[in-house]
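Summary of the model geometry
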Amino acid sequence: MKLGWLGAAFLTLSGAAQAQDDTVELRDETMIVRLLPFGATVTQIEVPDRDGKMENILLGFATPAEFRAKNGKVSFGSTIGRYAGRIAGARFTIDGKPVQLVPNDGPNALHGGGRAKFDTQEWRVASRSPKAVTFELESPDGFQGFPGRLRVAVTYRLIGRGAMRIDYEARTDKPTALNLTNHAYFNLAGEGSGSIRAQRLQVMAERYVATDAGGIPTGAFPEVAGTPLDLRVPRPLGDGIDSRTPPMGDRGYNHAWIFAKPPGALRPVARLDDPKSGRTLVVETTEPSIQVYTGGYIDGRDRGPSGKFLQAYDGVALETQHLSDSPNHPEFPTTVLRPGKLFRSTTVWRFGVER
């Protein structure tokens, strides 16, 4: 998909003007998706169960005002940037020049660092139709400490048969590091249905990303065999959430896997299913890794659209992205974006039903 604005002048709207925009709704014969310009956020996805009952299967809030007031701490359905994942010591070098970020996870930078992140910005609605919307954002040079004036577009498009495609594009005017993802939390039994422990996850990967106590990659990629991270065959999420066998901790899944596939190839990498409702989700991506997070830090203080309080393990985030701390690991797939180059990334969510 070609975005003409990327090579032309960019129009910036103020947050005050953008904050009044309504929810964007996409729909086709199989699904309904609602989104907000704030954070380029997917707020709800309604898909049918095996009996045809439509339900919202994303965690979130009931109103746009609540998303704007509260979502900075949990990022339900938001676009994450400038850098999804952690960067050790909130610093790295690029072309020999030091870059200092704002620590927000102990000494490290999480999702770019600081309090202002892509998920707290008002994006511009650049184009929309009944089945697609493109959000645009200009991120100024020095945002979160990252070099470069960055121009970003995220397009959500319904492509039929229960699938939505997410396309990311970006350009910069200085060498920088970039890692984008979406932070939706899925509960295929329906928002408000409680724990996801009985839902089954498959991750098509032979190796996971070893990390230290702070969640920073060590540089090792151990085999999943013999660990709770062996999800090559579907397993109930509760098996891992309730396990204390290393590398599991006491907050459930918050781990990354790396895929053996050609760089940039769009391939299926994960599958989630709910035996009760029959709903399924297949995730395809061009990204080399996926971070699975089962919401162990959700604190139970906020209500979802159902009116029920959101609890730890009520949803699972399937974050397709590059690896945490890649700017400090030249052996990892690169996250460097240079002037004159176009960043592209695609993820597809395919929803279905098992009878």
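Here we summarise the structure given alongside this text. Please read all numbers here as calculations on a predicted model, not as lab measurements.

On to the sheet that holds strand β1 (residues 24-27), then. If you walk across this open sheet you meet the four strands as β1-β2-β3-β4, and the pairing is antiparallel. Only two strands of the sheet have a single partner each, and these edge strands are β1 and β4 (54-56). Taking the axes of each pair of neighbouring strands and ignoring which way they run, one obtains an average angle of 20° across the sheet. Relative to β4, strand β3 (residues 41-48) is paired through three bridges, and the arrangement is antiparallel.

To continue, consider the pairing of strand β20 (residues 254-258). Where burial is concerned, most of β20 is hidden: four out of the five residues are buried. With two bridges connecting them, strand β18 (residues 207-208) and β20 associate as antiparallel partners. Paired with R207 across the two strands is I258, which belongs to β20.

Inside soluble globular proteins, nonpolar side chains tend to come together where they are buried. Core analysis: the biggest nonpolar cluster contains 59 residues, and I45, Y156, F186, W257, W349 and F351 have the highest contact counts within it. Setting aside anything within four residues of it in sequence, one finds F186 in contact with I57, L58, I196, L272, L281, G315, V316, L318, W349 and F351. In this structure, F76, Y293, L310 and A317 belong to the second largest nonpolar core, which totals 11 residues.

The rules behind the values
- Residues numbered from 1 in each chain as written.
- Predicted model: local features only at pLDDT ≥ 70, side-chain atom pairs only at ≥ 80, totals over all residues.
- Heavy atoms only, no water.
- Pairing = 2+ DSSP bridges.
- Helix = DSSP H or I, 4+ residues; strand = E, 2+ residues; numbered from the N terminus.
- Axes fitted to C-alpha atoms, helices over the stretch in contact; angles between N-to-C directions.
- Buried < 20%, exposed > 50% of the residue type's maximum accessible area, 1.4 Å probe, protein only.
- Core = buried A, V, L, I, M, F, W, Y, C linked by side-chain atoms within 4.5 Å.
- Contact = heavy atoms within 4.5 Å.

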